[in-house]
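Summary of the model geometry
Read off the chains here:
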Amino acid sequence: MSRHPEVKWAQRVDKVFLTVLLPDAKEAKVNLEPEGVFTFSASAGAENHHYELKMDLYDKVNVEESKINVGVRSIFCILEKAEKVWWKKLLRGDSKTPHYVKVDWDKWVDEDEDDGAGVGDLDLGGMDFSKFGGMDGMGGMDGMGGMGGMGGMGGLDGMGGLGGMGDDFDDSDDDEQEVSKPGQSGAHKEPGEQDKEAAVTSEGSASEEKST
């Protein structure tokens, strides 16, 4: 049965700060869609418990400008809002906010205190960010800290090699066809040569009849 990791959030007029708290996450997969759908899955713990998360964010986001950092203890995302407006809450709909989603008071400022500094007022500790927009599916997260499992996704590219195998088979068929061509070409001789062979054959037949 899947579990939900704890999520903390804060915002600015143009950004949403999202932190997924899951130490030593393995095979983590994170996806962000323009409509504001955020999904996460990973395994963690000594027993490799599976964690999943899907959230319909309050409004649309700019995937190309959004960033992500995968650390040892958490996954930190800076989601760029499609429109620079203050969100009333993190998730859309009238449902009650899930118990695992909490306000990140360390990063929170009130709307009237937002000076437009963006991440300038945050201590990010030299985090190395990658852009969501640079990801082709999940494969774009190869090489990110803690995302070693994602490297396996790159192996799917190797599956394309199976198509190449098909090409090899086709080539072998072509080779076989080419090998058979010399034999076939022997059947197409010049008219003069065919007449000579016919004459030799007829002479041989006449000799056999005389000997009989």
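Please read all numbers here as calculations on a predicted model, not as lab measurements.

Digging into the overall build of the protein chain
Scanning the protein chain from N- to C-terminus turns up two helices and nine strands. Of the regular secondary structure in the protein chain, the N- to C-terminal order runs β-β-β-β-β-β-β-β-β-α-α. Taking the intrachain contacts of the protein chain between residues at least 6 apart in sequence as the baseline, contacts between residues at least 24 apart amount to 63%. Taken as a whole, the protein chain presents about 13,300 Å² of accessible surface, with 48% of it coming from carbon and sulfur.

Topic: the packing of aromatic side chains
Tallying each qualifying case throughout the model produces five aromatic pairs. Taken together, a centroid distance of 6.3 Å and an interplanar angle of 35° make the contact between Phe17 and Phe76 tilted. Of this pair, Phe17 sits in strand S2 (residues 15-21) while Phe76 sits in strand S7 (residues 74-81), and the two are 59 residues apart along the sequence. The exposure class of Phe76 is buried, given its relative accessible area of 2%. Here Tyr58 and Trp87 contribute two aromatic rings whose centre-to-centre distance is 6.0 Å and whose plane-to-plane angle is 45°, an arrangement assigned as tilted. Placement of the pair is Tyr58 in the loop between strand S5 (49-56) and strand S6 (61-70) and Trp87 in the loop between S7 and strand S8 (101-103), with a sequence separation of 29 residues. A relative accessible area of 1% places Trp87 in the buried class.

Side note on the pairing of strand S4 (residues 37-44)
Taken across its eight residues, S4 has seven buried, putting it largely inside the fold. Summarising the sheet, strand S3 (residues 26-32) and S4 pair through five bridges and their orientation is antiparallel. In the sheet register, Leu32 faces S4, and the bridge partner there is Phe38. Between S3 and S4, which pair antiparallel one after the other, the connecting turn spans four residues, and Gly36 there sits at a positive phi close to 100°. In terms of strand pairing, S4 meets S5 through eight bridges, oriented antiparallel. Note on S5: the bridge partner recorded for Val37 is Asp56. Taking the residues between adjacent antiparallel strands as the criterion, S4 and S5 are bridged by four residues, where Gly45 takes a positive phi near 90°.

Things to note about the nonpolar core
Of all hydrophobic cores here, the largest spans 31 residues; its most connected members are Phe38, Phe40, Met55 and Leu57. Among the elements of the structure, strand S1 (6-11), S2, S3, S4, S5, S6 and S7 are those that each provide at least two residues to this core. Beyond its immediate chain neighbours, meaning those up to four positions away, Phe38 contacts Leu18, Val20, Val30, Asn31, Leu32, Leu53, Lys54, Met55, Leu57, Cys77 and Phe132.

Digging into the confidence of the model for the protein chain
Within the protein chain, residue pLDDT values average 73, and 57% of them lie at 70 or more. Here helix H1 (residues 151-186) is the element of the protein chain with the lowest mean pLDDT, 44, and S8 is the one with the highest, 97.

Some remarks on the pattern of salt bridges
Scanning the entire structure with this criterion turns up four salt bridges. Residue Lys102 pairs with Glu6 through a salt bridge whose shortest N-O separation is 3.7 Å. Taken together, the residues span a long stretch of sequence, with Lys102 in strand S8 and Glu6 in strand S1 at a distance of 96 residues. Between Asp14 and Lys15 there is a salt bridge, with the nearest N and O atoms lying 2.9 Å from each other. Accessibility expressed as a relative area gives 13% for Asp14, which makes it buried. What makes Lys15 buried here is its relative accessible area of 14%. One salt-bridge network, held together by shared partners, links Asp14, Lys15 and Glu80.

Brief notes about a negative patch on the surface
A cluster of acidic residues, Asp110, Glu111, Asp112 and Glu113, forms a negative patch on the protein surface. Assignment of secondary structure puts Glu111 in the loop between S8 and strand S9 (130-131). On the basis of relative accessibility, which here comes to 52%, the residue Glu111 falls in the exposed class.

Reading the values: the criteria
Residues numbered from 1 in each chain as written. Predicted model: local features only at pLDDT ≥ 70, side-chain atom pairs only at ≥ 80, totals over all residues. Heavy atoms only, no water. Helix = DSSP H or I, 4+ residues; strand = E, 2+ residues; numbered from the N terminus. Contact = heavy atoms within 4.5 Å. Areas by Shrake-Rupley, 256 points an atom, 1.4 Å probe, with all protein chains shown as cover. Phe/Tyr/Trp six-rings, centres within 6.5 Å; stacked < 30°, edge-to-face > 60°. Buried < 20%, exposed > 50% of the residue type's maximum accessible area, 1.4 Å probe, protein only. Pairing = 2+ DSSP bridges. Core = buried A, V, L, I, M, F, W, Y, C linked by side-chain atoms within 4.5 Å. pLDDT = per-residue confidence, 0-100. Salt bridge = Lys/Arg side-chain N within 4 Å of Asp/Glu carboxyl O. Patch = residues over 30% accessible without salt bridge, like charges linked within 9 Å, V, L, I, M, F, W, Y side chains within 5 Å. Lys, Arg positive; Asp, Glu negative; His and termini not counted. Charge placed at Lys NZ, Arg CZ, Asp CG, Glu CD.

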